[in-house]
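Breakdown of the fold
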Amino acid sequence: MGELRRPRGPNAERRQFTRDKILAAAVRCLNDVGYAQTSTVRVAAEAQVARGSLLHQFPTRTDLILAVAEHALDAQRAEIRTGLAALPPGRERFVGSVDVTWRAFQKPESRALIEIFIATRYDADLAARIPHFAVEFEAAKGRGAHRFAEESGLRDEHGEAVALRRLILVALRGLAVDTMLSGNEANPEGVIALLRKLREEFFDTHVVAEADA
């Protein structure tokens with residue numbers, strides 16, 4: 001990532017620049033030292049901003065972490081959209097979504113998001129405030145999976161495309177955790193090949209024939 005340059009302009013631009021620096025620093029901290037060690041003090045030092053500047057935008061650690069979750073999810077979605085757009089529509093894009101999603105899950109923002117999700121198991125304050133984010137997160141996944149199936153020319157009367165997408169996301173997220181812990185011992189290639197095969201079989205059994213279109 002290139003060095004951020006401080007823009008000149010209204011206070012709003014400077015605040016946004018500072019916010020972006022803080023969020024990027026928090027992502028690095030979550031990747032480097034994990035959730036428990038990602039304090040506002042550490043993030044401010046990593047971002048090279050005064051802690052007062054950080055607290056002005058994020059009054060509590062939980063405020064910061066929730067903002068990082070939103071930022072990380074936006075980055076993850078953008079990475080997936082870009083990857084899918086590079087593939088021909090139809091079967092190749094539908095099946096290739098497995099590889100595109102896996103690549104997105106390797107990005108620092110996605111790894112930071114995993115750290116945050118895991119932390120809800122033991123951080124009561126975070127767990128109490130994240131449900132709204134989680135509900136919207138799940139709803140967006142469902143809408144996106146159904147729309148993607150339709151755009152790929154598939155029948156999905158019973159919502160099976162949504163269930164399949166959920167299965168693949170859960171599998172890839174679990175695989176990402178495994179690889180964070182054990183590297184290639186998790187055999188990501190074998191798992192990804194199996195998930196790709198599931199997408200191929202689903203496409204071939206649900207594609208709308210030209211005569212039915």
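Everything discussed here concerns the structure shown above.
Residues numbered from 1 in each chain as written. Predicted model: local features only at pLDDT ≥ 70, side-chain atom pairs only at ≥ 80, totals over all residues. Heavy atoms only, no water.

Turning our attention to the side chain of S152. Topologically, S152 is positioned in the loop between α8 (131-151) and α9 (160-182). Residue S152 is classed as buried on the basis of its relative accessible area of 8%. Setting aside anything within four residues of it in sequence, one finds S152 in contact with G90, F94 and F203. (Helix = DSSP H or I, 4+ residues; strand = E, 2+ residues; numbered from the N terminus. Buried < 20%, exposed > 50% of the residue type's maximum accessible area, 1.4 Å probe, protein only. Contact = heavy atoms within 4.5 Å.)

A few words now on the packing of aromatic side chains. As enumerated under the stated definition, the model contains four aromatic pairs in all. Note on Y35 and Y122: the rings are 6.1 Å apart at their centroids and 75° apart in plane angle, and the pair reads as edge-to-face. On the criterion of sequence distance, the pair formed by Y35 in the loop between α1 (11-33) and α2 (40-47) and Y122 in the loop between α6 (108-119) and α7 (124-129) is long-range, its members being 87 residues apart. Residue Y35 is classed as buried on the basis of its relative accessible area, which comes to 3%. Taking the centre distance of 5.8 Å and the plane angle of 50° together, the rings of F94 and F203 count as tilted. One end of the pair, F94, is in helix α5 (residues 91-105); the other, F203, is in helix α10 (residues 188-206), with 109 residues separating them in the sequence. For the pair F94 and F203, a shared accessibility class is recorded, and that class is buried. Among the aromatic residues, those joined into a cluster by ring pairs are F94, F148, F202 and F203. Above the ring of Y35, the side-chain terminus of R61 is found at 4.3 Å from the ring centroid. Taking the ring centre of F94 as reference, the NZ or CZ of R199 above it sits at 3.7 Å. (Phe/Tyr/Trp six-rings, centres within 6.5 Å; stacked < 30°, edge-to-face > 60°. Lys NZ or Arg CZ within 6 Å of the ring centre and 35° of its normal.)

A few words on the packing of α1 against α6. Taken N-terminus to C-terminus, the directions of α1 and α6 make an angle of 70°; their axes are 9 Å apart at the nearest point. If you check the angle between α1 and α6, you find them roughly perpendicular. In terms of crossing hand, the pair formed by α1 and α6 is left-handed. Every residue of α6 that contacts α1 at V27, L30 and N31 is listed here: P108, E109, R111, A112, E115 and I116. (Axes fitted to C-alpha atoms, helices over the stretch in contact; angles between N-to-C directions. Parallel < 35°, antiparallel > 145°, perpendicular 65-115°, else oblique. Left-handed = near helix turned anticlockwise from the far one by under 90°.)

Okay, α6 next. The end-to-end C-alpha separation of α6 is 17 Å, in line with the 16 Å expected for twelve residues at 1.5 Å each. Looking at α6, one finds that the buried residues are E109, S110, A112, L113, I114, I116 and A119. If you follow the buried residues of α6, they end up packed against α1, α4 (61-85), α5, α7, α8 and α9. (Expected span 1.5 Å × (residues − 1).)

As a further point, take the environment of L154. Position of L154 relative to the elements: it lies in the loop between α8 and α9. Through-space distance from the C-alpha of L154 to that of F94 is 9.9 Å; in sequence the pair is 60 residues apart.

This part covers the nonpolar core. Membership of the largest hydrophobic core comes to 30 residues, with the highest contact counts inside it found for I22, V43, L64, V68, I116 and L126. Secondary-structure elements contributing two or more residues to this core are α1, α2, α4, α6 and α8. At eight residues, the largest contribution of residues to this core is made by α4. Among all residues touching L64, those that are not within four sequence positions of it are I22, L23, A26, T40, V43, L54 and F58. The next biggest cluster of nonpolar side chains, apart from the first, holds 23 residues, and it includes L154, L164, I168 and A176. (Core = buried A, V, L, I, M, F, W, Y, C linked by side-chain atoms within 4.5 Å.)

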